[in-house]
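The primary structure of each chain is shown beneath.
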Amino acid sequence: ACSRSRERQRQRPGRQRRAGAASQALHIMNAQVIQLEDGWNKLKTGGVLKIEEILEDASGGVYKHRISTDEYSQLYTTVYTMCTQKPPNNWSEPLYNNYCEAVIDYLTARILPRIKEKHDEAMLRELVRRWENHKTIIRFLSHVFKYLDRFYVKRLSLPELAEVGSQKFLEIVFNAVKREVRTAILELVRRERECEQVDKQLIKSVIDIFVEMGGSRASLETYATDFEEMLLSTTADYYSRESAKWAGNDSFPEYMRKAEDRLKQEQDRVANYLHSSTEEKLLKVCEEQLLQNPEQQLLEKEHSGCEKLLLDNKTEDLSRMFRLFSRIPTGLPPIANIVRKHITDVGLALVKKQSVNAEGDLMPYVQELLDIHDKYTELVGSGPEKGCFQGHNIFHKAMKEAFEVFVNKDIGKSATAELLSNFCDNLLKKSGERLSDEALEDKLEKVVRLFGYLSDKDIFAEFYKKQLAKRLLLARSSSDDAERSMIAKLKLRCGAQFTSKLEGMVTDMNLSQDIQSAFAEHVKDKELGTDLSVQVLTTKFWPQYKSDELKLPKEMLQCVEAFKAFYDSHTKHRRLQWVHSLGSATVVGKFTASGKSKEHDLLVSTYQACILLLFNEADSMTFSDIQGHLNLPAEELKRYVLSLCVGKYKILTKDPAGKEVAPTDKITYNAAFSDRARRIKVPMIAAKITQEEKDATRATVDEDRKHAIEAAIVRIMKTRKSLDHQKLVLEASTQLMRHFKPDPKQIKKRIEDLIHREYLERDPSNPNLYKYLA
C-alpha cells in the first residue's frame with residue numbers, strides 16, 4: 001500500500017506544485033487585511049470617480065480614457081477581499097452603504113444641476129445623455145461589486161446594486177425634472193401635429209426613460225401616471241379644437257378625409273416613439289373628439305351630410321364614413337337610421353309616382369323596384385371589402401325595414417304581391433320577356449328577394465298558383481327548369497308547406513304524361529276519329545275552376561267517354577270532373593275562297609271548337625240556337641263567338657255586324673275565308689282580370705288564413721295546455737308571420753270560434769286564460 005501511494009505521488013508532481021502555490025497565495029492574502037478606509041478610497045478613486053471622469057470627457061460616443069483589465073481586476077479583487085475577511089474586518093455592509101451614498105452624491109452634485117440648468121430640447125438631450133451615462137456607470141460598478149451582489153445582498157434580500165442605481169436616479173433626478181420634461185415632450189408632439197419637423201429619436205429616447213423608470217419589473221405605472229395621462233388630456237383638447245374648426249369650415253367629405261389622415265398620423269406616432277400600450281387609448285381619445293362628439297352635426301350637414309352622399313351616390317365617401325364611424329361603439333346606428341329613411345323616401349316617391357298611373361302597365365314599376373333593390377344591395381354589400389357598408393347587419397336590417405314599408409303599399413287596387421306574381425308570369429311564359437337561362441335565373445332570384453319583404457306572401461302564392469296553372473295547362477311555360485328553380489327558391493325562403501301545392505301541380509303534369517301514354521296505347525287499335533290528349537289533375541293542388549254543363553258535340557263526346565272508361569278501369573276511388581274552359585283543339589276547316597277549295601288547321605279553344613263543329617250541321621244559326629246547343633252562359637259564349645266573327649280571323653260572320661251580340665243575331669259559316677298560312681292560331685278576346693276576380697282571390701286567401709290561424713292556435717295550445725290571451729296572440733302571430741301578417745282582431749275571432757267549437761275553454765276564474773280541451 002505504501003508503495004502504491006508513493007507511485008501515485010510520483011505520477012502527479014504538477015498538481016502538488018500548483019496546490020502548494022495556491023496555498024502560499026492564500027496565506028499571503030490572508031496576511032494582508034484591507035481596512036475599510038483604505039479599501040474604499042482605492043475603490044472610489046480607481047473606480048467610481050474614474051468612470052465618472054471618463055464618461056464626462058467622452059465626446060460623441062468616443063472615450064478619451066479607459067479602465068484597463070488589470071485595473072478592473074484589482075478593483076474586483078479588493079471588493080472580494082473586503083467581503084471575505086473574517087470579522088471584525090468583513091466590510092460587506094459598509095461597502096454596500098458607501099456604494100449607495102456614492103451614487104446619491106454623484107446624482108445630486110453632478111447630474112441634477114447639469115440637467116436643471118438647461119431648458120426645452122436642450123434639457124431633454126442632457127437628460128438622455130446623463131441617463132445613458134448613469135446606466136453605464138451602474139453597469140460597470142455592478143460588475144466591480146459583483147461579489148457583494150451575489151452573497152451579501154442575496155443573503156439579506158436587499159435591493160441589487162443596479163436596482164439601487166435606477167431607483168436613486170428616479171428619486172433624485174427624474175422626479176425633480178419630470179414636469180419640465182413632460183411639458184417639453186408634449187410641446188414637441190404639438191409641433192409635429194402642426195406639421196413641423198421634430199427630432200423623433202429624441203422624443204423616443206425620453207419616452208423610453210419614462211418606461212424604464214418602472215424598474216426591473218417592467219411596470220408602466222410611471223409612464224402612465226407621469227406622461228400618458230397628460231398626453232391623452234392634451235390630445236383631447238387639441239382635437240376638440242380642430243374638430244370644431246373643421247366642422248364649421250369644411251364639408252362632411254373633407255372633414256372625413258382630414259379625420260382619417262389624423263388617425264393614421266396618431267397610429268404612426270405610436271409606432272415612432274410612444275409605447276405600444278398607448279395606441280388603443282390614444283386612438284380612442286381621437287375618435288371621441290373627431291367622430292363621436294360631432295357625429296350628429298356632421299351627418300346632418302345641409303349640403304354634404306349623409307343624406308346628400310346617398311342622394312349623389314358618393315360611394316367613396318360613404319365607404320370612408322363607414323370605416324370611420326364603425327370605429328366607435330355608437331357610430332353606426334345614426335347612419336343606419338338615415339339610410340333607412342333615405343331608402344324609404346325613395347321607395348315611397350316611386351309608389352306615389354306610379355299611383356298616378358295605377359291603371360296602366362305596372363310591370364315597369366316592378367322593374368324599378370328591382371333596380372332600387374339592386375342599387376341598395378350593392379351599397380350595403382355582402383361582406384368585408386364588398387359594398388360601402390361591407391355587409392354589416394345593421395344596414396341589412398335598415399334596408400329590410402325600409403323596403404317593407406313601401407313594397408307593401410298597393411298601387412291603386414293592385415297589391416305588390418299580385419304585381420310580383422304577374423312579373424314572374426311574364427318572365428316564365430313563352431310570350432313574355434326573352435332572356436338567357438343565366439339572366440332569367442338571376443332575375444328570378446332578385447324577384448324572390450323582393451318577395452321576402454312582402455307581409456302578405458300568401459296573396460302572392462294564390463296569384464302565382466293560378467298563373468302557374470295556366471302556364472302548365474296551356475303549355476305556355478318557357479322552361480320547365482326555370483319553373484322548378486322558382487318553386488325551389490320560394491320553398492327555401494318560406495318552407496315546404498308554402499310550395500306544396502305548386503310542387504303538386506308540376507308532379508301532376510309529369511304523371512299526366514304517363515297516363516296519356518297509357519291511354520294512347522289503349523286506343524291505338526280503336527277508331528275514335530279524333531286524337532285526344534287529357535291532363536289529369538289533383539283537385540287539392542290546383543285553383544278552383546268553374547264547372548260547366550257544356551254539351552259536347554258527338555265527335556268530342558265519343559273521345560271523352562273512351563277516356564273515362566279507360567281511367568275508371570285503372571282507378572276505383574277517383575272521379576273525373578271535366579274542366580273544358582282550359583282545353584284546346586285543332587280543327588280542320590274547309591273553305592272555298594274564289595271558287596278554290598282550301599283547308600286550314602285552326603288552333604282554337606275547346607269552346608271555340610264546339611261552336612265551329614255546330615256548323616257541320618248547318619251553315620248559319622242564331623246566337624240563341626248556339627247557346628241552346630252548347631248550354632253555356634250567355635256572357636261567356638259571347639266572347640267566344642265574337643273571337644270567331646270580329647277578330648283577326650273571321651271564320652264566321654255575324655249579322656248585324658258589330659261587337660254587340662243579341663240572341664237573334666245570325667251567325668254564318670264564312671265559306672269565303674282565306675289566309676296565306678295553312679296553320680292559324682285563333683286568338684281569344686282577352687277577358688281582363690276583373691276586380692271581382694281579384695276580390696275572389698282575396699276571399700280565397702282570407703278563408704285560407706282562417707284555417708291557418710286556427711291551426712296555429714291549436715298547435716300552440718296542444719303544446720302549452722294553458723296560456724293567457726296576449727301570449728297566445730303573440731305566439732300565433734310569430735308562427736304565421738312567415739306567410740302573412742295576421743290581424744290580432746282576426747286571431748281573437750278565431751279563438752272565440754274555437755271556444756264555441758269546444759277546442760278551447762276559458763278559465764272560470766280568469767277570462768283571459770285559455771285551456772286546451774283534448
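Before any of the text, the structure's been laid out above.
Residues numbered from 1 in each chain as written. Predicted model: local features only at pLDDT ≥ 70, side-chain atom pairs only at ≥ 80, totals over all residues. Heavy atoms only, no water.

J.: Looking at this model, I keep getting lost on unusual backbone geometry. Mind explaining?
T.: With the exception of glycine, the majority of residues adopt a negative phi angle, and the majority of peptide bonds are in the trans configuration. Residue Pro88 follows Pro87 across a cis peptide bond; omega there is 10°. Mapped onto the fold, Pro88 is located in the loop between α4 (69–84) and α5 (92–116). The omega torsion of the bond from Asp655 to Pro656 falls at 0°, within 30 degrees of zero and hence cis. Relative to the elements of secondary structure, Pro656 occurs in the loop between β4 (652–655) and β5 (666–669). (Helix = DSSP H or I, 4+ residues; strand = E, 2+ residues; numbered from the N terminus.)

J.: What am I meant to see in the nonpolar core here?
T.: Considering soluble globular proteins, one finds that nonpolar side chains tend to be buried as a cluster. Ranked by internal contacts, the top residues of the largest apolar core, which has 162 residues, are Phe145, Ile185, Met321, Phe325, Phe389 and Phe460. Per-element tally for this core: the top contributor is helix α8 (residues 161–193), with 14 residues. Sequence-distant contacts of Phe325, that is, excluding residues within four places in its chain, are made with Phe252, Met256, Leu291, Glu295, Leu298, Gly331, Leu332 and Ile335. Counting 36 residues, the second-largest nonpolar core is a separate cluster that includes Leu550, Tyr607, Ala609 and Val682. (Core = buried A, V, L, I, M, F, W, Y, C linked by side-chain atoms within 4.5 Å. Buried < 20%, exposed > 50% of the residue type's maximum accessible area, 1.4 Å probe, protein only. Contact = heavy atoms within 4.5 Å.)

J.: Any chance you could explain the pairing of strand β8 (residues 760–763) here in plain terms?
T.: For a regular strand, side chains alternate in direction, first toward one face of the sheet and then toward the other. The pairing of β8 with strand β9 (residues 766–772) spans four bridges and is antiparallel. Counted as the bridge partner of Leu760 is Tyr772 from β9. Where β8 folds back onto β9 in an antiparallel hairpin, the turn is made up of two residues. (Pairing = 2+ DSSP bridges.)

J.: Where do I start with the sheet that holds strand β6 (residues 679–681) in this structure?
T.: What links the strands of a sheet is backbone hydrogen bonding, and the strands pair in either a parallel or an antiparallel sense. Sheet architecture is open: three strands sit in the order β1-β2-β6, paired in mixed fashion. Two strands lie at the open edges of the sheet, namely β1 (584–593) and β6, each paired on one side alone. Taking each pair of neighbouring strands and ignoring which way they run, the sheet shows an average axis angle of 30°. Two strands pair when backbone bridges link them, and strand β2 (residues 596–605) and β6 are joined in this way by three bridges, in the parallel orientation. Residue pairing for β6: Leu602 is matched across the bridge by Ile680. Running at roughly 145° to β2, helix α25 (residues 606–614) makes contact with β1 and β2 of the sheet. (Axes fitted to C-alpha atoms, helices over the stretch in contact; angles between N-to-C directions.)

J.: Could you clarify how one ought to interpret the packing of aromatic side chains in this entry?
T.: Aromatic ring pairs are described here by two measures, namely the spacing of the ring centres and the angle between the planes. Using the criterion set out here, one finds 27 aromatic pairs in the structure. When the centroid spacing of 5.0 Å and the interplanar angle of 75° are considered together, the rings of Tyr80 and Tyr147 count as edge-to-face. Of this pair, Tyr80 sits in helix α4 while Tyr147 sits in helix α7 (residues 146–156), and the two are 67 residues apart along the sequence. In this structure an aromatic cluster arises from ring pairing among Phe519, Phe563, Phe566, Tyr567 and Trp578. (Phe/Tyr/Trp six-rings, centres within 6.5 Å; stacked < 30°, edge-to-face > 60°.)

J.: When you look at helix α21 (residues 457–473) in this model, what are you seeing that I'm missing?
T.: Side chains that are three or four residues apart share a direction in an α-helix, a result of its 3.6 residues per turn. Between its first and last C-alpha atoms α21 spans 24 Å; for 17 residues at 1.5 Å apiece the expected length is 24 Å, and the two agree. With respect to burial, α21 is a largely interior element, 15 of its 17 residues being buried. Ala475, located one to two residues past α21, shows a positive phi value of around 55°. (Expected span 1.5 Å × (residues − 1).)

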